[in-house]
2 protein chains.
Amino acid sequence: MPTGPLRCLTPGQLVPFGGDRVAVVGDDLAAAFVEGDRLVVVQETGDLLHIPRAEHERVHVAVGAALEAFHALAGVTDDQLSQFFCGFADRLADDQVFAPIAAANDGDVASATARGRSTTRLVLSPKMRADMIAGLRVWQHTDGRRDVQVGRVDHAGWSVETRRAPLGVVGFVFEGRPNVFADATGVLRTGNTVVFRIGSDALGTARAIMTHAVEPALRAAGVPVGAVQLVDAAAHAAGWALFADARLGLAVARGSGHAVAQLGAVARQHGVPASLHGTGGAWAVVHPDADAGDLARIVRHSLDRKVCNTLNVCCVVRAGADRLVPVVLEAGRSAAAERGATLVVHATPSSAPFAGPDAIPQAVDDLGTEWEWERDPELSLVVVDDVDEAVALFNRHSPRFVATLIGGDAAAQQRFYDTVDAPFVGNGFTRWVDGQFAFDQPELGLSNWQSGRLFARGGVLSGDSVHTVRTRAHVTDHDLHR
Amino acid sequence: MPTGPLRCLTPGQLVPFGGDRVAVVGDDLAAAFVEGDRLVVVQETGDLLHIPRAEHERVHVAVGAALEAFHALAGVTDDQLSQFFCGFADRLADDQVFAPIAAANDGDVASATARGRSTTRLVLSPKMRADMIAGLRVWQHTDGRRDVQVGRVDHAGWSVETRRAPLGVVGFVFEGRPNVFADATGVLRTGNTVVFRIGSDALGTARAIMTHAVEPALRAAGVPVGAVQLVDAAAHAAGWALFADARLGLAVARGSGHAVAQLGAVARQHGVPASLHGTGGAWAVVHPDADAGDLARIVRHSLDRKVCNTLNVCCVVRAGADRLVPVVLEAGRSAAAERGATLVVHATPSSAPFAGPDAIPQAVDDLGTEWEWERDPELSLVVVDDVDEAVALFNRHSPRFVATLIGGDAAAQQRFYDTVDAPFVGNGFTRWVDGQFAFDQPELGLSNWQSGRLFARGGVLSGDSVHTVRTRAHVTDHDLHR
């Protein structure tokens, strides 16, 4: 197959993607693209992502340096890694070191304010500073388990063991807030290195943290400075370039929405495993025998604020609907009232007779919608014939994330677990799905099964999860043969 | 971004791939491609793979059926799965059932012979038949561990556990030999379903096995018939279509060479985890303190026949070269003599003074070459300054598969393990790298690190490995909140 360099794109050029589709090159892209730039054709959508040469090269160099540092890290002790986390935390805690970081943050905040951007999560407040330091102290005292045995088989004359081992370079794309450093650098604890991009709003702060805290702490501990790489680029293209680098061992994107989904697609089509939130929203199924008091508590504690594991769809089995739908609605109103807000109910046709006159009609086919509320809690309500129908709706419409069955005996709970296609299944409130809360470990990422089940791993990505497995043979009898 | 259907390809059309390259549509492809067909642009190479509509649809339907069967399998007991393996084995053992299978195999063999194709591994001999039956009996009696706990954390008022769970649909592409059914169906043991393509030489035999043994055994056990799908298509395009189906949980390709590498690239760029052999060839590093007798035994047992884990490159540390290179050469000659063959030595410049006049010169940059010998064992010989130099050569040139250090104390062995970038590391012969031999479990696939370290798993893929992890919460105190 003859091939050559991609020298230019022409307006109207047809670019095949996704097997049987074409994307059309627009005038702007054709005008902007020059030889040496890169084009990523997103196979899921036909998006044509233009990566200017400068962004590509910056990322290429950063990943190369991180890969080199990764191999060098094999010669760095766990104590040195602890020293790094300690030194990084100490520097953030030192007012003199922190002064230029605070100044850089003031600059970022002023710039964001001038551009009319939200600064809620951009201000490096005393609390955020303390949280960052605390996060680094956790890593300082965590056992990274860089090289521990996970299995062993003994044979006559030899034995074989499987051992955890570091994975490689982890690429992160963060939103524009400064407190991502504990997460980004946490992967060093398990022997990995990191390249990360941060939203442009927080780039000045990030630069200052790198210069005044991260790099000096790495040097002081004797850890290769290449082990932590900030991609110093404001353009989104830097994130695409990062996730398109097949040398990454893992790509993690924070946040949600189209940009994150697009990054996930870029990573996947470059063969890079990706951890990203995807669509959120938990489903609860209410068994007819559910205890009204438990149900009320569960709904209230699952609607306290809007995050990815907040209750989004509630299916009530018809036999219990008269008794239990009012409990759900009252608990939802109570959760809303606690925040001085009003409950918004979306009712499918089956639940309309139970949901009251204020409910907003919703089609069953729209049950995949995640209600992205800020103040007023929103909830879809469905009345189903039985738990199996609720499971079928979940498996068809949900983002395959969190499912909970409220009530039901052990057999009903087991059948629910066996049939619902969710990585996270419970019998109570939905907000337990969080790595820190559930496993007492810092959470680096959380995945649903929207793009399928995750091979060989669970949906929670903790520092501990960023590993591969090696196999080591110890032969004592060298007459061993096949 | 405007998009539309891919209606046609035109000769000379430029198809962007790999970020900064274009492939050129040739006359043949343009002439053959019609609307409804699919085009896979291999991003690593620019190969333009044409999948006719019929092949795509056949595979699409098969994967859909396997996915439906996967969900139905949640309601099938372990006993039923055992019954399936037992029934399949019984049918193969029954001469009356086997008669039409044998007849179909005779047809395949006659056809291959007429086309001048090798029939060495195509003949369904009594031994192959017995091995297939034995393989199925292993699965029959294996505990699939479909749903077992792997971790648990207790909290006040609730607990959370992680559990193994089935992964989904596994796609296999096999070479053209009939004895792949035990591997293909083995994934059912762990609750997965399978779609497989078999090389066209063995397709008649495979069809007969499906009709007379697999499908009746599935029905008799009450296992959904969709759980085992043979892609009944002779064209390579069926394999591309299979690995391009993002609904697969895992893609496994057997064999080696360009076709397998291409299949791996197709799977990876569709976000499907792939297990494939890649380039083989083991490396041994000989420490200056190595025992001559052990070294001789290790080399002989590592050169007994050519498979993926056969010794390919031997690095001898200079301080021991005078004493130990002759041992390596003599052991290699001895291994060759055992098969009535002659040792072929490829010598890099550093080893030429030690390797004798018959050695064939080899450039260091060519050390990645896998010697695909059949009769005469072939071996690259390198003399290095120290073990670190050998490790650096391995990390730069090898396919990152098997590395062994012969001799050296525990500290030297540990340093070797820490620095060599290989999934399989040993201190003796290289041929131990085999799932069945090392872990007493049927091996479905074996991976090197040519495309990077494997996230969260080792290089041996056994039936046991084909799983995901689910997280289940048991709440007892429904006042639990965040």
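Participant: Tell me about the sheet that holds strand S2 (residues 14–17) of chain B, and please be specific about residues and values.
Facilitator: Overall, antiparallel pairing links the three strands, which are arranged S1(A)-S3(B)-S2(B) in an open sheet. Both outer strands of the open sheet, strand S1 (3–5) of chain A together with S2 of chain B, are each paired with one neighbouring strand and no more. Direction aside, the axes of adjacent strands within the sheet are offset by 35° on average. Where S1 of chain A meets strand S3 (residues 21–24) of chain B, three bridges bridge the pair, whose relative direction is antiparallel. Across the sheet, residue Gly4 of chain A finds its bridge partner in S3 of chain B, namely Val22 of chain B.

Participant: Give a detailed account of the pairing of strand S11 (residues 250–253) of chain A, specifying residues and quantitative values.
Facilitator: Residue and element names in this part refer to chain A. A two-sided burial pattern is seen for S11, the buried positions comprising Leu250 and Val252 on one face and Ala251 and Ala253 on the other. When strand S8 (residues 169–173) meets S11, the two strands line up parallel, connected through four bridges. Of the residues in S11, the one forming a bridge with Phe172 is Val252. Strand direction decides the pairing type here: S11 and strand S12 (residues 274–276), joined by three bridges, are parallel. Its bridge partner lying in S12, Ala253 is registered against Leu276. Note that the unit made of S11, helix H9 (residues 258–269) and S12 has a crossover that is right-handed.

Participant: Just give me the short version of the pattern of salt bridges, but keep the residues and values in it.
Facilitator: All names here are of chain A. Applying the stated criterion across every chain, the model contains 64 salt bridges over all chains. Note that Glu161 and Arg163 form a salt bridge whose closest N and O atoms lie 2.9 Å from each other. One continuous salt-bridge network, built from bridges that share partners, spans Arg115, Arg117 and Asp201.

Participant: How would you explain the nonpolar core if you had to name every residue and give the values?
Facilitator: In a soluble, globular protein the nonpolar side chains are often hidden away together inside. Phe84, Phe88, Phe181, Leu188, Phe196 and Val223 of chain A are the most contacted members of the largest nonpolar core, which totals 56 residues. A total of 10 residues in this core trace back to one element, the largest contributor, which is helix H7 (residues 203–221) of chain A. Residues in contact with Phe181 of chain A, not counting those within four places in the same chain, are Phe88, Met132, Gly186, Phe196, Ala206, Ile209, Met210 and Val214 of chain A. With 55 residues, the next largest nonpolar core counts Ala69, Leu122, Trp139 and Phe172 of chain B among its residues.

Participant: So what about the side chain of Glu443 of chain B? Which residues, and what values?
Facilitator: All names here are of chain B. Here Glu443 is to be found in strand S20 (residues 443–446). Here Gly435 takes part through its backbone nitrogen, which lies 2.5 Å from a polar atom of the side chain of Glu443. Here Glu443 is in contact with Asp183, Arg254, His277, Asp434, Gly435, Gln436 and Leu461, once residues within four sequence places are set aside.

Participant: Would you mind going over the relation of the copies chain A and chain B in detail, with residue names and values included?
Facilitator: Under the fitted operation, chain A is carried onto chain B by 0.0 Å of movement along the axis and a turn of 180°, and the coordinates agree to an RMSD of 0.1 Å. The transformation relating the two chain copies, once decomposed into turn and shift, fits a two-fold axis. Proximity to the rotation axis, assessed at the C-alpha, singles out Gln269 of chain A in chain A; its C-alpha lies 2.0 Å from the axis. Looking at chain A, 100% of its interface residues are interface residues in chain B too, so the copies touch through the same face.

Participant: Residue-level account of the packing of helix H13 (residues 387–397) of chain A against helix H14 (residues 410–419) of chain A, with values.
Facilitator: Residue and element names in this part refer to chain A. Relative to each other, H13 and H14 sit at 20°, their axes nearing to 10 Å. Compared by their axis directions, H13 and H14 come out roughly parallel. As for how H13 packs across H14, the hand of that crossing is right-handed. Together, Val387, Asp388, Val391 and Asn395 of H13 and Arg415, Phe416 and Thr419 of H14 make up the contact between the two elements. Class assignment for the residues of the contact of H13 with H14 results in three nonpolar, two polar and two charged.

Participant: So what's going on with the pairing of strand S14 (residues 311–317) of chain B? Which residues, and what values?
Facilitator: All names here are of chain B. Where burial is concerned, most of S14 is hidden: seven out of the seven residues are buried. Here five bridges tie strand S13 (residues 282–286) to S14, and the two strands are oriented parallel to one another. Along S14, the bridge assignment pairs Ala282 with Leu311. As a crossover connection, the stretch from S13 through helix H10 (residues 292–302) into S14 is right-handed. Two strands pair when backbone bridges link them, and S14 and strand S17 (residues 378–384) are joined in this way by five bridges, in the parallel orientation.

Participant: Can you break down the interface of chain A and chain B residue by residue, with the values?
Facilitator: At the junction of the two partners, chain A supplies 97 residues and chain B supplies 97 residues. For the pairing of chain A and chain B, the buried interface totals around 8700 Å² over both sides, and the portion due to carbon and sulfur atoms is 55%. It is Phe455, Arg470 and Arg482 of chain A in chain A that bury the most area against chain B; as a group they hold 11% of the surface buried on that side. If you look at where chain A meets chain B, you find six salt bridges. For Asp434 of chain A, the salt bridge identified is with Arg482 of chain B, shortest N-O distance 3.4 Å. Counting every contact that joins chain A to chain B gives 46 residue pairs in polar contact (both at pLDDT 80 or more). In terms of residue count, strand S22 (residues 467–475) of chain A provides more of the side of chain A that touches chain B than any other element does, nine residues in total.

Participant: Requested: an account of the packing of aromatic side chains, with residues and values cited.
Facilitator: Going through the model one piece at a time under the given rule, you end up with 24 aromatic pairs over all chains. Ring geometry for Phe401 of chain A versus Phe424 of chain A: centroids 5.8 Å apart, planes at 90°, classification edge-to-face. Here Phe424 of chain A lies in strand S19 (residues 424–426) and Phe401 of chain A lies in the loop between H13 and strand S18 (402–406), a separation of 23 residues in the sequence. Under the relative-accessibility criterion, Phe424 of chain A is labelled buried at 1%. Between Phe84 of chain B and Phe85 of chain B, the ring centres sit 5.1 Å apart and the planes meet at 55°, which makes this aromatic pair tilted. Of the aromatic side chains, those joined through ring pairs into one cluster are Phe84, Phe85, Phe88, Phe172, Phe174, Phe181 and Phe196 of chain A. Looking at Arg129 of chain B, its charged tip hangs above the ring of Phe98 of chain B, at a distance of 3.9 Å from the centre. The residue whose ring lies beneath Arg472 of chain B is Tyr417 of chain A, and the NZ or CZ to ring-centre distance is 4.4 Å.

Participant: An account of the domain arrangement of chain A is needed here, citing residue identities and associated values.
Facilitator: Residue and element names in this part refer to chain A. Considered domain by domain, chain A is made up of domain 1 (14–51), domain 2 (54–276) and domain 3 (282–438). For domain 1 versus domain 2, the distance between C-alpha centres works out to 30 Å. Facing the 10 residues of domain 1 at the interface are 13 residues of domain 2. For the pair domain 1 and domain 2, the summed buried surface comes to about 920 Å²; carbon and sulfur atoms form 65% of the total. Ranking the residues of domain 1 by area buried against domain 2 places Glu44, Leu49 and Ile51 at the top, with a combined share of 48%. Inspection of the region where domain 1 meets domain 2 yields one salt bridge.

Rules behind the numbers
- Residues numbered from 1 in each chain as written.
- Chains lettered and ligands numbered in written order.
- Predicted model: local features only at pLDDT ≥ 70, side-chain atom pairs only at ≥ 80, totals over all residues.
- Heavy atoms only, no water.
- Pairing = 2+ DSSP bridges.
- Helix = DSSP H or I, 4+ residues; strand = E, 2+ residues; numbered from the N terminus.
- Axes fitted to C-alpha atoms, helices over the stretch in contact; angles between N-to-C directions.
- Buried < 20%, exposed > 50% of the residue type's maximum accessible area, 1.4 Å probe, protein only.
- Right-handed = clockwise from strand over helix to strand, strands pointing away.
- Salt bridge = Lys/Arg side-chain N within 4 Å of Asp/Glu carboxyl O.
- Core = buried A, V, L, I, M, F, W, Y, C linked by side-chain atoms within 4.5 Å.
- Contact = heavy atoms within 4.5 Å.
- Polar contact = N/O pair within 3.5 Å; in protein donor to acceptor, adjacent residues only side chain to side chain.
- Least-squares fit on C-alpha atoms with pLDDT ≥ 70 in both.
- Parallel < 35°, antiparallel > 145°, perpendicular 65-115°, else oblique.
- Left-handed = near helix turned anticlockwise from the far one by under 90°.
- Nonpolar A, V, L, I, M, F, W, Y, C, P; charged D, E, K, R; others polar.
- Buried area = accessible area lost by both parts, 1.4 Å probe.
- Phe/Tyr/Trp six-rings, centres within 6.5 Å; stacked < 30°, edge-to-face > 60°.
- Lys NZ or Arg CZ within 6 Å of the ring centre and 35° of its normal.
- Domains from an automatic or database assignment.

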